[in-house]
Amino acid sequence: MAGIYVHIPFCRQKCTYCDFHFSTSRKSDKDMVDAMLIELKQRVSYLKHQGQIETVYFGGGTPSLLSVELLGQLVTKIQELYPLSDKIEFTIEANPDDLTKSKLEQLWELGFNRLSIGIQSFDEEVLNWMNRSHSSKQASNCVGLAQQVGFKNISADLIYGLPSPYNRNWQANLSQLFELSIQHFSAYCLTVEPNTSLWHSVNKGIIKPLAEEHASVQFNQLMDHAADHGFEHYEISNFSLPNLASKHNSNYWNGIPYLGIGPSAHSFNGSTRSWNISNNAQYIAGQISGSPNFDFEKLSHWDLYNEHVMIGLRRSLGINKCEIVDRFGLEYWQHAESALEIHLKQGLINLQNGVATLTQDGKHLADKIASDLFAT
Ligand code: SF4
């Protein structure tokens, strides 16, 4: 069962740390949606042999910024052209300042049944420093409103590992999050991405990134609080109540094909990855002229194995011998097993019945351990 990702490349303002593709100019909202409607039609055969569509995800940018009328045009086109499952997970990313009761009701009526809300922090000063467009109060209120409207699958994003003096109140943030009675959350350690405002501040010495050991303490607190509240840690940055893991992301991680619509959106058909140009004007011009601007790469056997290991170790499912032998061959498992030895000795990996998973300590080093298993 495949998925569709729709990238809405607009934001109200630029967050300090963000390097996603978006524009704060809203002049091309309508042209953008017209171009995306063309792409939805042109690429209908991309998922032709994949059966029903199990997940649709509107991400960004800030999809909730778009008018309900324009969102409705995209939803209707997807419903018209693609075979959607009755049990579809239909997610929209939203910022708290967009989620009025009436907007939530309209999103619900359009068919969205899952919200992913960018809360990031409940600390007002931190939100200001991040240049978020919403207040802490709006974050708490919008979840209650969404629940009144009928949303029963709500996720929130939080960021930890903030530099001094904003590196505070992490446990209070977590407590506030759990008070909201949501079903899922994602927590990301702040990273300094090139050319962001945060990156410039770090380069100028205005901000000093938090030392790794302090971020590790917060990660441990996160894992402990999540477990105390019944959340499963199903991927390094993702936590859900039982049976409420994000189907969309899980499908990505299971290597299931997906179609990406909109500027910068990626698509994957099992062996080739393609991505649209990260430029709004050029994306629109390409779709309208019938010469879409995109690039692609054919993934080698090694690329696919490396991705499998990287994603697998980040998940609670881990990596397993049978699957690696089946998909890639025995020599790949032998390579992985020998690279795992040192991590086993250091207590960073559990290896039982051919299944390797990270221990609590290993979760702090997931990407490093995975890279040790890479084939070259
Ligand atoms: S709202 Fe989201 S996508 Fe937009 S700038 Fe902020 S973090 Fe980036």
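Procedures and definitions
- Residues numbered from 1 in each chain as written.
- Predicted model: local features only at pLDDT ≥ 70, side-chain atom pairs only at ≥ 80, totals over all residues.
- Heavy atoms only, no water.
- Helix = DSSP H or I, 4+ residues; strand = E, 2+ residues; numbered from the N terminus.
- Rg over C-alpha atoms; globule rule 2.2 N^0.38 Å.
- Buried < 20%, exposed > 50% of the residue type's maximum accessible area, 1.4 Å probe, protein only.
- Contact = heavy atoms within 4.5 Å.
- Areas by Shrake-Rupley, 256 points an atom, 1.4 Å probe, with all protein chains shown as cover.
- Lys, Arg positive; Asp, Glu negative; His and termini not counted.
- Charge placed at Lys NZ, Arg CZ, Asp CG, Glu CD.
- Phe/Tyr/Trp six-rings, centres within 6.5 Å; stacked < 30°, edge-to-face > 60°.
- Lys NZ or Arg CZ within 6 Å of the ring centre and 35° of its normal.
- 1 Å grid on protein atoms, 1.4 Å probe; cavity = no way out; pocket = protein on both sides within 12 Å on 5 of 7 lines; lining within 4 Å.
- Points joined across faces, edges and corners; volume = space filled by probe spheres on them.
- Nonpolar A, V, L, I, M, F, W, Y, C, P; charged D, E, K, R; others polar.
- Domains from an automatic or database assignment.
- Buried area = accessible area lost by both parts, 1.4 Å probe.

A.B. asks: How should the overall build of the protein chain be read in this particular structure?
C.D. replies: Within the protein chain, the secondary structure is distributed over 14 helices and 15 strands. For the protein chain, whose C-alpha radius of gyration is 21 Å, the value lies close to the compact-globule estimate of 21 Å for 376 residues. Along the first, second and third principal axes, the C-alpha set of the protein chain runs to 60 × 50 × 45 Å. Within the protein chain, buried positions represent 52% of all 376 residues. Partitioning the contacts of the protein chain with sequence separation of at least 6, the portion at a separation of at least 24 is 70%. Working note: accessible area of the protein chain is about 17,200 Å², and carbon and sulfur atoms make up 50% of it. One way to put it: in the protein chain the 29 positive side-chain charges average out to a point 4 Å from where the 39 negative ones average out.

A.B. asks: How should the packing of aromatic side chains be read in this particular structure?
C.D. replies: Ring pairs (aromatic) are described by centroid distance and by the angle formed between their planes. Within the structure shown, the criterion is met by 18 aromatic pairs. Consider the rings of tryptophan 108 and phenylalanine 151, whose centres lie 4.9 Å apart with planes at 70 degrees: the pair is edge-to-face. In this pair, tryptophan 108 is assigned in helix α3 (residues 101-110) and phenylalanine 151 in the loop between α5 (136-149) and β5 (154-160), connecting sequence segments 43 residues apart. For tryptophan 108, a relative accessible area of 35% gives the class partly exposed. For phenylalanine 151, a relative accessible area of 3% translates into the label buried. A centroid spacing of 5.5 Å and a plane angle of 50 degrees characterise the contact between phenylalanine 178 and phenylalanine 231, whose relative ring orientation is tilted. Of this pair, phenylalanine 178 sits in helix α6 (residues 170-179) while phenylalanine 231 sits in the loop between α8 (212-228) and β7 (232-235), placing them 53 residues apart in sequence. Of the two residues, phenylalanine 178 and phenylalanine 231, neither departs from the other in class, the shared state being buried. Among the aromatic residues, those joined into a cluster by ring pairs are Phe178, Phe185, Phe231 and Phe239. Over the ring of phenylalanine 10 we find arginine 26; its NZ or CZ atom is 5.9 Å from the centre of that ring. The ring of tyrosine 46 carries the charged tip of arginine 43 above its face, separated from the ring centre by 5.0 Å.

A.B. asks: Explanation requested: the environment of alanine 187 in the structure shown.
C.D. replies: Mapped onto the elements, alanine 187 comes out in strand β6 (residues 184-189). The exposure class of alanine 187 is buried, given its relative accessible area of 2%. Sequence-distant contacts of alanine 187, defined by excluding residues within four places in its chain, comprise Leu158, Tyr160, Leu222 and Ser237.

A.B. asks: For this particular structure, what's the right way to read the layout of surface pockets?
C.D. replies: It is a probe the size of a water molecule, rolled over the atoms, that shows where empty space is left. In this structure, the second largest pocket spans a volume of roughly 150 Å³. Lining the second largest pocket are Glu39, Gln42, Arg43, Tyr46, Ser274, Asn276, Gln287, Pro292 and Phe294. When contributions to the lining of the second largest pocket are tallied by element, the ones reaching two or more residues are α1 (29-42) and β11 (272-276). Residue composition of the lining of the second largest pocket, by class: 3 nonpolar, 4 polar and 2 charged.

A.B. asks: Could you clarify how one ought to interpret the domain arrangement of the protein chain in this entry?
C.D. replies: Note: interface size is frequently given as the accessible area lost on complex formation between the parts. In terms of domain boundaries, the protein chain breaks down into domain 1 (2-253) and domain 2 (317-373). Its C-alpha centre places domain 1 at a distance of 30 Å from the equivalent point of domain 2. Contacts between the two partners involve 7 residues from domain 1 and, on the opposite side, 5 residues from domain 2. Of the roughly 500 Å² buried at the junction of domain 1 and domain 2 (both faces included), carbon and sulfur atoms supply 57%. Of all residues in domain 1, the largest losses of buried area upon contact with domain 2 belong to Phe219, Met223 and Ile236, amounting jointly to 59% of the total for that side.

A.B. asks: I would appreciate a short explanation of empty space enclosed by the protein in the present structure.
C.D. replies: Within the structure shown, the criterion is met by 1 cavity of 30 Å³ or more. Here the largest cavity is characterised by a volume of approximately 70 Å³. Taken together, Ser121, Val126, Ile159, Tyr160, Gly161, Leu162, Tyr166, Asn167, Arg168, Trp170, Asn173 and Gln218 form the lining of the largest cavity. Where the lining of the largest cavity is concerned, the elements lending two or more residues are β5 and α6.

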